[in-house]
Amino acid sequence: MNILLTGGTGYIGSHTAVVLAQAGHQIVLLDNLSNSDISVLARVKALTRSHIAFVHGDVRNQELVHKVLMDHHIDAVIHFAGVKAVGESVEQPLRYYDINVGGTLSLLKAMRHARVFTLVFSSSSTVYGNPQYLPIDEDHPTRCTNPYGRSKLHVEEMLADLAAADPHWRIALLRYFNPIGAHDSGLIGEDPNDIPNNLVPYIARVAAGKLECLRVFGNDYPTPDGTGVRDYIHVVDLAEGHMAALQALARTNQSLHVYNLGTGQGYSVLEVVRAFEQASGKTIPYHIAPRRAGDIATCYAQAARAEAALGWKAQRTLQDMCASAWKFQASLVLE
Ligand SMILES: NC(=O)c1ccc[n+]([C@@H]2O[C@H](COP(=O)([O-])OP(=O)(O)OC[C@H]3O[C@@H](n4cnc5c(N)ncnc54)[C@H](O)[C@@H]3O)[C@@H](O)[C@H]2O)c1
């Protein structure tokens, strides 16, 4: 298949590009490089020994996206391009709606014009809000507590309306839990341009001596050690989930599908810290800070639907996630 990955030089996009190219697909990456570096392209090419086309551009540029779809005879799109920091979304809601909702709307118009009807969309477990029960299955009510989550939910609703209106479409909404880790080679991983918002990139920079100390937000949650519990999923497992979703879309006659991509297992912040210490051989200094507004105690997926329908199941352990994240971080230190 010829597959367009918007946001393709980003963290999840680059790992998915490697998995798809290694399976023999033709890949085109479109990215405006607002949160990734062009050096990722050479790394993806080196890992896959394939030709990977790259277009520097904005997903909101409908004319450009239409041209890319036509020029490369695209069969399917995986839409990663977006902004994803919850705190920032509270301060800049219009930017979040513009890029995440406006960007998707523009992409959908370009796709319809080019008659490309297969789409995999990067959604998030954030759409579930504060869990009403655990594990969270796909039928759990959706209720967002911040503009980032609402932007994902608006897109989900837009895609459901589209799928109901036009039977040509084949759409998979993938609700990611907490992707961490890196490719085994250590060549690609998560390296945000700013101070990391997410736990593992932050820990990795503390381990590398680039940041002094980890702040753990709250140790009085109703969890075994008092710190927040999340469902961490290895980014390569997540990437493989995208390939499984594309394969499933090729054989379905239903327009809309929703899948959780998680492991079904939760780990606390302190369990992740200990696993990272083991993987890196470094001590991670941390201190306990007050809870962050909007944070929830525990969140993990019911991952059975993806396993039954996609034949996909996360394989890699927390140790694999931390070891690969550390290998990637250590390679950055050597650069
Ligand atoms: N990483 C997570 O924890 C997580 C969890 C749930 C959902 N998601 C979603 O998955 C997707 C990918 O996340 P990621 O972690 O790889 O983030 P990322 O920031 O590493 O990748 C996103 C990529 O999109 C690009 N981009 C941003 N705006 C663009 C635009 N207007 N036009 C073209 N390119 C643009 C960025 O330069 C970046 O390369 C996002 O939609 C995100 O909301 C991520």
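Up top is the structure.
Report on the accompanying structure. (Residues numbered from 1 in each chain as written. Predicted model: local features only at pLDDT ≥ 70, side-chain atom pairs only at ≥ 80, totals over all residues. Heavy atoms only, no water.)

1. Looking at unusual backbone geometry
Thinking step 1. The omega angle of the peptide bond from L134 to P135 is -10 degrees, so this bond is cis rather than trans.
Thinking step 2. At H73, a residue that is not glycine, the phi angle is positive and equals roughly 50 degrees.
Thinking step 3. Its location among the elements puts H73 in the loop between α3 (62-71) and β4 (76-79). (Helix = DSSP H or I, 4+ residues; strand = E, 2+ residues; numbered from the N terminus.)

2. Overview of the sheet that holds strand β5 (residues 118-124)
Thinking step 1. Sheet architecture is open: 7 strands sit in the order β3-β2-β1-β4-β5-β6-β11, paired in parallel fashion. The outermost strands of the open sheet, each flanked by one partner alone, are β3 (52-56) and β11 (256-261). Direction aside, neighbouring strands of the sheet carry axes that sit 20 degrees apart on average.
Thinking step 2. Alignment of strand β1 (residues 2-6) against β4, held across 4 bridges, turns out to be parallel. Looking at the pairing, I3 lines up with A76 of β4.
Thinking step 3. Running over the sheet, helix α2 (residues 39-48) touches β2 (26-31) and β3 and is turned about 170 degrees from β3. (Pairing = 2+ DSSP bridges. Axes fitted to C-alpha atoms, helices over the stretch in contact; angles between N-to-C directions. Contact = heavy atoms within 4.5 Å.)

3. A closer look at the nonpolar core
Thinking step 1. Membership of the largest hydrophobic core comes to 41 residues, with the highest contact counts inside it found for L5, L20, I27, I78, V120, L174 and W312.
Thinking step 2. Sort the elements by how many residues they give to this core and helix α8 (residues 235-251) lands first, with 10 residues.
Thinking step 3. In contact with V120, other than residues within four places in its own chain, are V77, I78, H79, A172, L174, H242, A245, L246 and L249.
Thinking step 4. With 30 residues, the next largest nonpolar core counts A53, I74, L108 and A114 among its residues. (Core = buried A, V, L, I, M, F, W, Y, C linked by side-chain atoms within 4.5 Å. Buried < 20%, exposed > 50% of the residue type's maximum accessible area, 1.4 Å probe, protein only.)

4. Some thoughts on helix α6 (residues 147-165)
Thinking step 1. With 19 residues, α6 should cover 27 Å at 1.5 Å per step; its first-to-last C-alpha distance of 27 Å lies within 8% of that length.
Thinking step 2. Lining the buried residues of α6 we find α4 (86-91), α5 (93-114), β5, β6 (170-176) and β11. (Expected span 1.5 Å × (residues − 1).)

Any link to function would need more than the numbers given here.
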